[in-house]
Amino acid sequence: MTGRFITLEGGEGVGKSTQAKALAAALRARGVEVVETREPGGSPGAEAIRQLLLQGAVDRWSAEAEALLFAAARSDHVARTIRPALDLGKWVVCDRFLDSSIAYQGIVGHVGADAIRQLHEIGSGGFLPDRTLLLQMEGRAAAERTRTRDTEGPDRFGARDSAYHDRIGFAFEVLADEDPTRIRKVDAAGTAAEVTGRLVAALADLL
Ligand SMILES: Nc1ncnc2c1ncn2[C@@H]1O[C@H](COP(=O)(O)OP(=O)(O)O)[C@@H](O)[C@H]1O
Ligand SMILES: [Mg+2]
């Protein structure tokens with residue numbers, strides 16, 4: 001029996017990393033074996049590419065170069081970490097995946113959603129999550145959460161202005177509306193435990 005591949009998506013500060021841990025714990029409490037991973041990164045090669053992507057000046061890469069680096073990292077991550085875990089029957093909970101590339105580089109970065117999907121076809125055979133949980137929250141509230149988190153300052157993406165982050169939120173919303181079977185919108189407001197409850201509910205048909 002193959003496992004399930006679950007991704008968490010959404011803008012900066014909505015609680016993806018917090019919920020990736022909490023969701024993995026909630027699934028383990030139900031007897032599911034879970035591998036937690038994240039993008040960019042999740043395998044040794046992809047973690048090396050992560051440094052290139054998140055460090056340095058905001059304009060270090062063109063949107064196109066950035067999209068290629070993300071696709072290369074994802075290819076390695078899928079081949080070396082995600083597929084092997086699923087083949088062993090484990091569930092994989094991943095903090096960001098393809099939809100982030102489509103939103104950031106594809107829609108807001110102007111590379112185009114279809115071009116990002118083509119890169120994913122080349123890199124990872126078009127491999128998609130069984131379910132994507134889109135955490136949604138009003139921009140200012142999410143920015144407030146990141147301000148209390150980022151004591152050492154934001155990364156290349158977090159450093160951009162609020163209009164940029166609003167466009168990202170809208171891009172994710174469009175993606176969810178295009179594919180409501182795979183992508184479920186989840187309200188990210190409230191306590192972490194409340195949000196985790198909503199995420200588990202959005203996986204009920206897979207459990
Ligand atoms: N439900 C919540 N209520 C209050 N603060 C939260 C909640 N979820 C996460 N946080 C805090 O908000 C900040 C951003 O959360 P994080 O999980 O890092 O978001 P993301 O990974 O989506 O950028 C962190 O400091 C985290 O501890
Ligand atoms: Mg995070």
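For the structure, see preceding data.
Here's what I pulled together on the structure shown here. (Residues numbered from 1 in each chain as written. Chains lettered and ligands numbered in written order. Predicted model: local features only at pLDDT ≥ 70, side-chain atom pairs only at ≥ 80, totals over all residues. Heavy atoms only, no water.)

## Quick notes on the environment of Leu175
Okay, step 1: If you trace the backbone, Leu175 turns up in helix 7 (residues 162-178).
Okay, step 2: Residues Leu175 and Arg131, 44 residues apart in the sequence, show an inter-C-alpha distance of 13 Å.
Okay, step 3: If sequence neighbours within four positions are ignored, Leu175 has contacts with Asp99, Ile102, Ala103, Ile107, Arg117 and Ile183. (Helix = DSSP H or I, 4+ residues; strand = E, 2+ residues; numbered from the N terminus. Contact = heavy atoms within 4.5 Å.)

## Some details on the packing of helix 1 (residues 16-29) against helix 8 (residues 192-201)
Okay, step 1: At a minimum axis separation of 10 Å, helix 1 and helix 8 run at an interaxial angle of 60°. When the interaxial angle is binned, helix 1 and helix 8 end up oblique. The interaxial crossing formed by helix 1 with helix 8 has right-handed handedness. Listed contacts from helix 8 to Thr18, Gln19, Ala22, Leu23 and Ala26 of helix 1 are Ala192, Val195, Thr196, Leu199 and Val200.
Okay, step 2: When grouped by side-chain class, the residues that make up the contact of helix 1 with helix 8 number seven nonpolar, three polar and no charged. (Axes fitted to C-alpha atoms, helices over the stretch in contact; angles between N-to-C directions. Parallel < 35°, antiparallel > 145°, perpendicular 65-115°, else oblique. Left-handed = near helix turned anticlockwise from the far one by under 90°. Nonpolar A, V, L, I, M, F, W, Y, C, P; charged D, E, K, R; others polar.)

## Points about the sheet that holds strand 2 (residues 34-38)
Okay, step 1: Taken in spatial order, the five strands line up as 2-3-1-4-5 in an open sheet, and their pairing is parallel. Both outer strands of the open sheet, strand 2 and strand 5 (183-187), are each paired with one neighbouring strand and no more. The average angle at which neighbouring strand axes cross in this sheet is 20°, direction not considered.
Okay, step 2: Of the pairings in the sheet, the one linking strand 1 (residues 5-9) to strand 3 (residues 91-95) comprises four bridges and is parallel in character. (Pairing = 2+ DSSP bridges.)

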